[in-house]
Amino acid sequence: MSTAYLARGRLFDPKVFRARLESEEKPLEVFRSTLDAGSSALEEFFLKGSSAQDIVWSRAWLVDQILVEAWRLHLSESTQESSALIAVGGYGRGELHPCSDIDLMLLVKQEPDSEVAEQLEQFTRFLWDIGLEIGHSVRTVKDCVTQAKADVTVMTNITESRLLDGSQDLLDRMIAATGPGKIWPARKFFDAKVAEQNERYLKFEETGYNLEPNLKEGPGGLRDIHVIGWVTGRYFGNRSLQELIEHDFLTDEEHRTLIRGRNFIWRLRIGLHLVAGRSEDRLLFDHQRQLAQMFGYEDRKGSLAVEQLMKRYYRTVKELSLLNEILLQHIREAVFATRKPKKVRINRRFEALDGYLDTTSSTVFKRFPFAILELFHI
């Protein structure tokens, strides 16, 4: 078991924390120092070699504890019972990098009156004061439906909702009201997310090989993995990539490739946040050199440390981009196809399948090795 997981008591000790709150210390200082100490501990774990996965998940866990304590401190019991504190977006998935924004939704049964509105305002202001970079919205279930209908980005955030505290029933009602049977059916959602991805690729000239790549938005970056999770989650209802193996949508090897690539980019992104001292996804030249040194790469004859790091990065995004393309094509053909694909025979070995080149059997390359070259000619 990981060092970061075993040491969660070092990140946040509820008994010590509440004892400090009950003393004469100011709540603001208690929260701020607890958050700072936990963040410093995670940085130490990371620099000593803890896995990126452990750091990302433990950071989310630490912030969970802080938010729940702040929620209960600032909201009356009646307000807590009639509302819900919900993590959305990447934070809703339980993933949080050192300087990433913390996306929250404050779900309420009805439009808040002046008293409740004041409590919510004090709560969010307090979070900023203790050093948390939050993005938040206050919505009713009706608001969620209206805004999700109009904007697929809102719909995407909602699909990753996770209750932190408050009314589970209210969250369940929101999920039911925004489900694929109500709004954004799975096929429409799929088309919208693919269109978003295509637009995103254009911003990066449709290549992941930029000299200063974007770890999150660039082709083969983290967004490509998110898209797979989003579109399959809307159809299958899965909350993790591993569940897709049970649906025969992913093979074990494909799942390992996704997780291995994700964890490597996570490690780069954690290090990037630490060296930049802020939320940053662009792998600038200066940062590349610093990260190569941080991760222990050394100059060798004919290969600089930074070149070794970037070579691994480019191989990773190539794998992830290709896998994203294959899986999206697979779900389009296997799940959302409205008709049987049109086949046109080319020769004994190949056929055209709705504009794609396909083999006539699974043993073509074994029986006819020259077909590997032939496919390029065709």
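Use the structure listed above.
Quick notes on the rules
- Residues numbered from 1 in each chain as written.
- Predicted model: local features only at pLDDT ≥ 70, side-chain atom pairs only at ≥ 80, totals over all residues.
- Heavy atoms only, no water.
- Helix = DSSP H or I, 4+ residues; strand = E, 2+ residues; numbered from the N terminus.
- Buried < 20%, exposed > 50% of the residue type's maximum accessible area, 1.4 Å probe, protein only.
- Contact = heavy atoms within 4.5 Å.
- Core = buried A, V, L, I, M, F, W, Y, C linked by side-chain atoms within 4.5 Å.
- Pairing = 2+ DSSP bridges.
- Axes fitted to C-alpha atoms, helices over the stretch in contact; angles between N-to-C directions.

1. Observations concerning the overall build of the protein
In terms of regular secondary structure, the protein is built from 19 helices and 7 strands. In terms of overall dimensions, the protein has C-alpha extents of about 80 × 60 × 35 Å along its principal axes. Counting over 378 residues, the protein shows a buried share of 46%. Sequence-distant contacts in the protein: of pairs separated by 6 or more residues, those separated by 24 or more amount to 65%.

2. Re the side chain of Thr178
With respect to the helices and strands, the residue Thr178 is situated in the loop between α11 (168-177) and α12 (186-203). Every residue in contact with Thr178, bar those within four places of it in the chain, is listed here: Cys144, Val145, Met155, Ile158, Ile183 and Arg234.

3. A closer look at the nonpolar core
Formed by 97 residues in total, the largest nonpolar core has its most connected members in Leu67, Tyr91, Ile102, Leu104, Leu127, Leu132 and Leu258. When residues no more than four places from it in sequence are discounted, the contact partners of Leu258 are Ile225, Ile228, Leu241, Leu250, Leu320, Leu323 and Leu327.

4. Some remarks on the sheet that holds strand β5 (residues 343-345)
A sheet is described by the order of its strands in space; here 3 strands give the open sequence β5-β6-β7, paired in antiparallel fashion. Two strands in the sheet have a free side with no partner beyond their single neighbour: β5 and β7 (356-359). Looking at each pair of strands side by side, their axes are set apart by 35° on average, direction ignored. Where β5 meets strand β6 (residues 350-353), 3 bridges bridge the pair, whose relative direction is antiparallel. Counted as the bridge partner of Val344 is Ala352 from β6.

5. Section: the environment of Phe189
Along the chain, the position of Phe189 falls in helix α12. With 34 residues separating them in the primary sequence, Phe189 and Met155 have C-alpha atoms 8.9 Å apart. Those residues in contact with Phe189 that sit more than four places away from it in its chain are Val152, Met155, Thr156, Trp184, Trp230, Val231 and Arg234.

6. So, the environment of Gly208
Tracing the backbone through its elements, the reader meets Gly208 in the loop between α12 and α13 (222-236). On a C-alpha basis, the gap between Gly208 and Tyr314 in space is 7.1 Å, while along the polypeptide they are 106 residues apart. Those residues in contact with Gly208 that lie beyond four places of it in its chain are Pro213, Pro219, Tyr313, Tyr314 and Val317.

7. Some words on the sheet that holds strand β3 (residues 134-139)
Pairing is mixed in the open sheet, where 4 strands are placed in the order β3-β2-β1-β4. The sheet terminates laterally at β3 and β4 (162-166), the two strands that pair on one side only. Mean inter-strand twist for the sheet, computed between neighbouring axes without regard to direction, equals 25°. Note that strand β1 (residues 83-87) and β4 share 4 bridges and pair antiparallel. Pairing of Leu85 across the sheet is with Asp165, part of β4.

8. A few points about the side chain of Thr257
Structurally, the position occupied by Thr257 is in helix α15 (residues 252-276). When sequence neighbours within four positions are dropped, the list of residues in contact with Thr257 reads Glu319, Leu320 and Leu323.

9. Examining the pairing of β7
Examined bridge by bridge, β6 and β7 share 4 bridges and lie antiparallel to one another. When the sheet's bridge partners are listed, Ala352 is paired in β7 with Leu357. Between β6 and β7, which pair antiparallel in sequence order, lie 2 residues; one of them, Asp354, sits at a positive phi of approximately 50°.

10. Let's talk about the environment of Tyr235
Along the chain, Tyr235 falls in helix α13. With a relative accessible area of 42%, Tyr235 lands in the partly exposed category. Expressed as a C-alpha distance, the spacing of Tyr235 and Pro185, which sit 50 residues apart in the sequence, is 8.3 Å. In this view, Tyr235 contacts Ala186, Val335 and Phe336; residues no more than four positions away in its chain are not counted.

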